[in-house]
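# Architecture and fold: a report
The chain contents come next:
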Amino acid sequence: MAAQRLLLRRAAAAEPRARRGYGSGGGAEYLHRSLVPTMHYQKSLPRLPVPKLEDTIRRYLNAQKPLLNDDQFRKTEELARHFEKGIGRQLHEQLVAQDNQNKHTSYITGPWFDMYLKAREPVVLNFNAFMSFHPDPKSEYNDQLIRATNMTVSALRFMKTFRAGYLEPEVFHLNPKKSDTELFKKLIRFVPSSLSWFGAYMVNAYPLDMSQYFRLFNSTRLPKLNRDELYIDEKAKHLLVLRNGNFYVFDVIDRDGNMLKPSEIQAHLKYILSDNSPTPAFPLGYLSSENRDTWALLRKNLLDNGNEEALQKVDSAVFCLSLDDFPVKDFVHLSHTMLHGDAANRWYDKSFNLIITKDGTAGVNFEHSWGDGVAVLRFQNEVFKDSVGEPAVSPQSQPASVDSSGAVRRLDFKLNDALKAGITKAKQNFDSTVEALTLDMIQFQKGGKDLLKQKKVSPDAVAQLAFQMAFLRQYNQTVATYESCSTAAFKHGRTETIRPASIHTKKCSEAFVKEPSKHSTEELQKMIMECSEYHGRLTKEAAMGQGFDRHLFGLRCLALSKGTSLPDFYQDQAYARLNHNIISTSTLVSPAVQLGGFGPVVPDGFGVGYQVHGDWIGCNVSSYPARNAKEFLQCIYKSLEDIFNVLKGKKISS
């Protein structure tokens, strides 16, 4: 007890100081001052495990079973067993040896960065995702200038809080009454960071990897031939603002590292919003929507044509704020605006674009190579909470009397004929892709998480089962399905794949869609329970780094690096089909986020963003002409209706 009292006295002596004003390095520049330093747990995070090869092969074959007929499965099983005993075993041993030599990171980090950065498709619609904020509950704060100012200030406060080490570490609390307490934080901060994770683990708390967070700011993806690069310049102090296809910059951090006063940020943004400069005849933003090799060559031309300093301003900016000159009509329009919008008014290569429309609707479009949803979601949660709870300016606030015409600079780009032609072509490509894209959504209001938990069924399993049933109803098929699962519980973890299409979902879907009258309600309930239990197991395995997709991907990258022909296992059509993810899904629920979404990952696929709330379920689906998103959503709605009816003991209506 004496030792504990001593620790508490030391903790009290180290309490954060009181808040001071902006521009003085004081408390107003920070969201909070965590008792536990931001990166306190990072050093002692457990390493992402390399699964056993036999487990990976077993899980792989389980995922293949619902997709193949008996003959196809026999062939795939034979190739898998041959791989497991032969070349696969050698590759696995090499991967494990390589992993043991790189204990500072995870086995998937290098291959995963390569996978994103070597991809040559445009980042917009193929990789970038969006998450939109809820409106500010105080409607008068949804004015574009007020919201843009408040969100910019909150984003800068987040950046400063993170860089100072004051941001609360990201921790998953299984028993918050024990671990999410002042007392625990005061004690754990004195445990050395090489041991701190174990201290949290003892009270059922799981710190998460935060190694991606530094790339949120002053960061961009640079197009290069064959493989892009991630660039960061933490010394840069300016914000990039896009409006009407024009690029503006102004400093938001002074030479002492302090934030500009909110009233000055407001004045500069007001100046930009009242600038009547027409949209450029050749808007540069379109270039960031191009094929990466095409864009790399055009960027070289830009640099050679005297635009180095202007591009440096774009690349190094704290972040990109995109101000759109129109209000949002409805949720579908919102999705289009945040997922792609007008490429003239976006810079898709920045780590994120904070987009704010004329009516104050806000969202984030983020580039995916540098990081995953975990870091972006934390950023959005903090920015929403701060901008709503402690807004820096109000509708009554007056912008500062400063010379914005001197502080704000509009970037001019020197364009030769080749660049003008490149922008024109990029615009044509972008417009035709966007024209082919369908986005639609549903809100299922007849039940949600509360009822499902009451029935002891996993809400996520039910949503995924509904997608399987819907596709079967629409196309009479079971296809490769992808659900993203974070492995941030491990050092430099990224994501693992949950494979929701299983023999259980196939059997259950066929019973519901093809022969509901042949089964009693109890039998159908039992099938739902089996799907839920199996999905729960897959989810737990994936979160613990025990999926099969990343392991097989790592082995494949290792095989390719040898320059010899790929093992037969990887040349199996069934392997290619499993990795052609026709239904690609991702879920999140957050107090800050109203809606999220992304494009299909294959031309004949669906991109499904979904949220399971207490009493309703939302789905946002994207597709190209090869599929029909609207019809798929109708089938999802019908499937959810059937599942909820069965769980309530009712019969299914045909």
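Described below are features of the structure shown in this document. Just so we're clear, the structure is a prediction, and the values are computed from it rather than from any experiment.

### Digging into unusual backbone geometry
Working note: non-glycine residues mostly have negative phi, and peptide bonds are mostly trans. If you check the backbone angles, Asn226 has positive phi at about 75° while not being a glycine. With respect to the helices, strands and loops of the structure, Asn226 is situated in the loop between strand E4 (219–222) and strand E5 (229–232). Backbone geometry places Asn476, a non-glycine residue, at a positive phi of 55°. By the secondary structure assignment, Asn476 is in the loop between helix H18 (459–475) and strand E13 (481–486). A residue is classified by how much of its surface remains accessible, and Asn476, at 51% relative accessible area, is exposed.

### Topic: the pattern of salt bridges
Applying the stated rule across the entire model yields 39 salt bridges. Residues Asp55 and Arg58 are paired through a salt bridge, measuring 3.3 Å at the closest nitrogen-oxygen approach. Placement of the pair is Asp55 and Arg58 together in helix H2 (residues 53–64), with a separation of 3 residues, close to one helical turn. In this structure Asp55 comes out as buried when scored by relative accessible area, which is 19%. When its relative accessible area of 39% is taken as the criterion, Arg58 is described as partly exposed. Across the pair Lys638 and Asp642 runs a salt bridge, and its minimum N-O distance is 2.9 Å. Placement of both Lys638 and Asp642 in helix H24 (residues 629–647) is noted, with a separation of 4 residues, approximately one turn of the helix. Taken together, the salt bridges that share partners define one network made up of Arg120, Arg221, Asp228, Arg292, Asp293, Asp349 and Glu367.

### Description of the side chain of Ser44
For Ser44, the position within the fold is in the loop between helix H1 (2–13) and H2. Using a relative accessible area of 6% as the deciding quantity, one classes Ser44 as buried. Among the polar contacts made by the side chain of Ser44, one reaches the side chain of Ser196 at a distance of 3.3 Å. For Ser44, the side chain forms a polar contact with the main-chain nitrogen of Trp197, separated by 2.9 Å.

### Here we look at helix H12 (residues 308–316)
Listed as buried for H12 are Ala310, Leu311, Val314, Asp315 and Ser316. Among the structural elements, E4, E5, strand E6 (238–243), strand E7 (246–251) and helix H11 (292–304) are those in contact with the buried residues of H12.

Calculation notes
- Residues numbered from 1 in each chain as written.
- Predicted model: local features only at pLDDT ≥ 70, side-chain atom pairs only at ≥ 80, totals over all residues.
- Heavy atoms only, no water.
- Helix = DSSP H or I, 4+ residues; strand = E, 2+ residues; numbered from the N terminus.
- Buried < 20%, exposed > 50% of the residue type's maximum accessible area, 1.4 Å probe, protein only.
- Salt bridge = Lys/Arg side-chain N within 4 Å of Asp/Glu carboxyl O.
- Polar contact = N/O pair within 3.5 Å; in protein donor to acceptor, adjacent residues only side chain to side chain.
- Contact = heavy atoms within 4.5 Å.

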